[in-house]
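Single-letter residue listing:
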Amino acid sequence: RLSIGIYVCFVKDWYANFKENLAVVSLEDYSQHKVSTLSKLYKFIGVEDPNIGELKAFLYQSKSKNSRYKVDKLKGNMHPETRKLLDSFYGPSIRFVPAVMATLR
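Source: prediction; values computed, not measured. Sequence positions are assigned chain by chain, starting from 1 and proceeding in written order. Totals for whole chains, interfaces and linings use every residue, but because this is a predicted model, local features are given only for residues with pLDDT of at least 70 and side-chain atom pairs only at 80 or more, for both listing and counting. As a rule here, side-chain values come from all non-hydrogen atoms in the structure, and water together with hydrogens is ignored.

## Focus: the overall build of the chain
Move 1: Regarding its fold elements, the chain presents six helices and zero strands.
Move 2: Helix and strand definitions follow DSSP, with helices as H or I runs of at least four residues and strands as E runs of at least two, each counted in order from the N terminus. When the helices and strands of the chain are read in sequence order from the N terminus, they spell out α-α-α-α-α-α.
Move 3: Three labels apply to residues, based on accessible area from a 1.4 Å probe with only protein chains included: buried if under 20% of the type maximum, exposed if over 50%, partly exposed otherwise in between. Within the chain, buried positions represent 15% of all 105 residues.
Move 4: Each accessible area value is a Shrake-Rupley result obtained with a 1.4 Å probe; residue values ignore everything except the protein chains displayed when judging cover. Accessible surface, the chain as shown: approximately 9,200 Å² in total, 58% of it carbon and sulfur.

## Section: the packing of aromatic side chains
Move 1: In this scheme Phe, Tyr and Trp rings, the latter by its six-membered ring, pair at centre separations within 6.5 Å, and the angle between planes marks the pair as stacked below 30 degrees, edge-to-face above 60, and tilted otherwise. Taken as a whole, this structure holds two aromatic pairs when the rule is applied.
Move 2: Seen from their ring centres, Phe10 and Trp14 are 6.1 Å apart, and the 25 degrees between their planes marks the pair as stacked. Taken together, the positions of Phe10 and Trp14, both in helix H1 (residues 8-18) and four residues apart, correspond to about one turn of that helix.
Move 3: Residue classification places Phe10 among the partly exposed positions, given a relative accessible area of 46%.
Move 4: Ring geometry for Phe89 against Tyr90: centres 5.1 Å apart, planes inclined by 85 degrees, an arrangement best described as edge-to-face.

## Considering the confidence of the model for the chain
Move 1: pLDDT expresses how confident the predictor is about each individual residue, on a scale running from 0 to 100. The predicted model of the chain averages 82 in pLDDT, with 89% of residues at 70 or higher.
Move 2: Looking over the chain, one finds the lowest element-wise mean pLDDT in helix H5 (residues 70-73), namely 80, and the highest in helix H3 (residues 34-45), namely 91.

## Focus on the side chain of Ser26
Move 1: Considering the arrangement of structural elements, one finds Ser26 in the loop between H1 and helix H2 (27-32).
Move 2: Residue Ser26 is classed as buried on the basis of its relative accessible area, which comes to 16%.
Move 3: N or O atoms within 3.5 Å of each other form a polar contact, as long as, within protein, one can give a hydrogen and the other can take it, and as long as residues adjacent in sequence are counted only when both atoms are side-chain atoms. A polar side-chain atom of Ser26 sits 3.0 Å from the main-chain amide nitrogen of Asp29.

The following block contains the structure:
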């Protein structure tokens, strides 16, 4: 499961091979601008823009999949040592993301 968060190592290779067929969207951009981000992606893949009202309604009723379940919240927060280990493991990859994203724009 640890390797899931290190996709940035592959983005440059994907871009080198698929340039005009690769769209990269940051989670921050998507989270803050869902409708405009999805509209850009619809245009990128060559399909008709959805009805904006329907898209907004769909996004409004869609539950976030990136949140903790109630039963997990009962377990409490992550142990500080675990957080430290994960930060040291993912840190180099995370710091590399802005530079990679800048080369793709």
